[in-house]
Amino acid sequence: MNLDLTNRRALVSGSTAGIGKAIAMELASMGASVTLLARNEDKLKTVLSELPSNTNQTHEYIVADFSQTAQVRQAIENYLAGGKTINILINNTGGPPAGPIENASTEEFEAAFSMHLINNHILATAVKQGMIDSGYGRIINIISTSVKIPLTGLGVSNTVRGAVGNWSKTMANELGKYGITVNNVLPGATATERLSQIVSNKASKTGKAEADVMKGMEAQVPMNRVAQPEEVANAAAFLASPAASYINGINIPVDGGRTGSL
């Protein structure tokens, strides 16, 4: 099975921590040159220094804040103007704040829509031609299992993740003729900073200890534990590889079996 990404370049957004960093590390270990994208330059430099590398790889980073779509657009345009081609795009960023949908403001929806769907579209349309010209294209969106079953207390996230899922399927239908695949990885509860925040918020609202809240989350998973970022990264890395050349327009949950549907 061909998992070699030598001479391919991957752009990984949200890559200074958690799932994004784990994906960047895995793609680099498979031979890809990785371009990190995030807002904190100090953290970008730290991750850059940790990426596996051989003589054929050149790792780089782009500084851009996903809350500023114009900044993201300018940053990717400037980068591509230097003659670089992106073969693999990983769309990944932190989820919207938790909370019931009935209490959400329209501003929260607008911010989340821009942060996720609009930025995904900016990056995908920017790198599309390079994928076509190079004969290799993979677009992988890190979303959530909420595109299958909405999650309680994540009203804005559920809504926006669903929009990204349908955007992705439409893109897969349109870009398939070029040999470009577009797929989604749906993490369940994963040991990231975001999960820690969700646990902390739930503990403060319920009066429970954070350890008890975490145990409750783990009990909802048939495997009785949450995922490690690297386990989600493995799914994304496979979809990025030559071995996944005929897998297009699908959702892959990485949730230990928690989602109550096929």
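The model shown is predicted, which means the values in this text are computed figures rather than measured ones.

## Brief notes about the domain arrangement of the chain
- Here the chain is partitioned into domain 1 (9-189 + 228-254) and domain 2 (192-226).
- On a C-alpha basis, the centroid separation for the pair domain 1 and domain 2 is 26 Å.
- Taking both sides of the interface into account, the surface hidden between domain 1 and domain 2 amounts to around 690 Å²; carbon and sulfur atoms contribute 53%.
- Joining domain 1 to domain 2, the criterion identifies one salt bridge.
- Residues Glu231 and Arg225 are paired through a salt bridge, measuring 2.8 Å at the closest nitrogen-oxygen approach.
- When residues of the side of domain 1 that touches domain 2 are traced back to their parent elements, those giving at least two are helix 1 (18-29) and helix 8 (229-240).

## Details of empty space enclosed by the protein
- The final tally for this structure, using the stated rule, is one cavity of 30 Å³ or more.
- If you add up the space inside the largest cavity, you get close to 60 Å³.
- Contributing to the lining of the largest cavity are Asn91, Asn92, Thr93, His116, Asn120, Ile142, Ile143, Arg161 and Val164.
- Those elements that place two or more of their residues in the lining of the largest cavity are helix 4 (106-134) and helix 5 (155-175).
- Broken down by class, the residue content of the lining of the largest cavity amounts to three nonpolar, five polar and one charged.

## Focus on the nonpolar core
- Core analysis: the largest hydrophobic core is formed by 33 residues, its most contacted members being Ile23, Leu27 and Val185.
- Breaking this core down by element, the ones donating at least two residues are strand 1 (9-13), helix 1, strand 2 (33-38), helix 2 (41-50), strand 4 (88-91), strand 5 (137-142) and helix 8.
- In terms of residues, this core owes the most to one element, helix 8, which gives seven residues.
- Apart from the residues within four sequence positions on either side, Ile23 is in contact with Val12, Ile90, Ile142, Ala233 and Ala236.
- Judged by nonpolar contacts, the second largest core, of 31 residues, contains Tyr79, Val127, Val156 and Ala172.

## Digging into the packing of aromatic side chains
- By the definition in use, this model includes zero aromatic pairs.
- Across from the ring centre of Tyr136, 4.3 Å away, lies the NZ or CZ of Arg138, which sits over that ring.

## Some points on the sheet that holds strand 5
- Spatial ordering of the open sheet is given by 3-2-1-4-5-6-7, a layout of seven strands whose pairing is parallel. Pairing within the sheet leaves two strands with one partner each, and these edge strands are strand 3 (60-63) and strand 7 (251-254). Across the sheet, the mean angle separating the axes of adjacent strands is 20° when strand polarity is ignored.
- Packed on one face of the sheet, helix 1 meets strand 1, strand 2, strand 4, strand 5 and strand 6 (180-187) and runs near 170° to strand 1.
- Each of strand 4, strand 5 and strand 6 is contacted by helix 5, which is oriented at about 155° to strand 6, the strand it contacts most.

## A word on unusual backbone geometry
- Of note in the backbone geometry, Asn7 takes a positive phi value of approximately 70° without being a glycine.
- Position of Asn7 relative to the elements: it lies in the segment before strand 1.
- Residue Asn7 is classed as exposed on the basis of its relative accessible area of 66%.

## Looking at the packing of helix 3 (residues 69-81) against helix 4
- Axis separation between helix 3 and helix 4 bottoms out at 10 Å; the angle between their running directions is 20°. Compared by their axis directions, helix 3 and helix 4 come out roughly parallel. Viewed along their axes, helix 3 and helix 4 form a crossing whose handedness is right-handed. Residues Thr69, Val72, Arg73, Ile76 and Leu80 of helix 3 form the contact with helix 4, whose own contacting residues are Ser114, Ile118, Asn119, Ile122, Leu123, Ala126 and Val127.
- Considering only residue class, the contact of helix 3 with helix 4 consists of eight nonpolar, three polar and one charged.

## Digging into the pairing of strand 2
- Most of strand 2 is tucked away, with six of its six residues classed as buried.
- The side-chain alternation of strand 2 yields two buried faces, one formed by Ser33, Thr35 and Leu37 and the other by Val34, Leu36 and Ala38.
- Where strand 1 meets strand 2, five bridges bridge the pair, whose relative direction is parallel. Across the sheet, the residue bridging to Val12 is Leu36, located in strand 2.
- Between the parallel pair strand 1 and strand 2, the chain is carried across by helix 1, and the sense of this crossover is right-handed.
- Sheet topology places strand 2 next to strand 3; four bridges connect them, and they run parallel. Each bridged residue has a counterpart across the sheet, and for Thr35 the counterpart in strand 3 is Glu60.

Conventions and cut-offs
- Residues numbered from 1 in each chain as written.
- Predicted model: local features only at pLDDT ≥ 70, side-chain atom pairs only at ≥ 80, totals over all residues.
- Heavy atoms only, no water.
- Domains from an automatic or database assignment.
- Buried area = accessible area lost by both parts, 1.4 Å probe.
- Salt bridge = Lys/Arg side-chain N within 4 Å of Asp/Glu carboxyl O.
- Helix = DSSP H or I, 4+ residues; strand = E, 2+ residues; numbered from the N terminus.
- 1 Å grid on protein atoms, 1.4 Å probe; cavity = no way out; pocket = protein on both sides within 12 Å on 5 of 7 lines; lining within 4 Å.
- Points joined across faces, edges and corners; volume = space filled by probe spheres on them.
- Nonpolar A, V, L, I, M, F, W, Y, C, P; charged D, E, K, R; others polar.
- Core = buried A, V, L, I, M, F, W, Y, C linked by side-chain atoms within 4.5 Å.
- Buried < 20%, exposed > 50% of the residue type's maximum accessible area, 1.4 Å probe, protein only.
- Contact = heavy atoms within 4.5 Å.
- Phe/Tyr/Trp six-rings, centres within 6.5 Å; stacked < 30°, edge-to-face > 60°.
- Lys NZ or Arg CZ within 6 Å of the ring centre and 35° of its normal.
- Pairing = 2+ DSSP bridges.
- Axes fitted to C-alpha atoms, helices over the stretch in contact; angles between N-to-C directions.
- Parallel < 35°, antiparallel > 145°, perpendicular 65-115°, else oblique.
- Left-handed = near helix turned anticlockwise from the far one by under 90°.
- Right-handed = clockwise from strand over helix to strand, strands pointing away.

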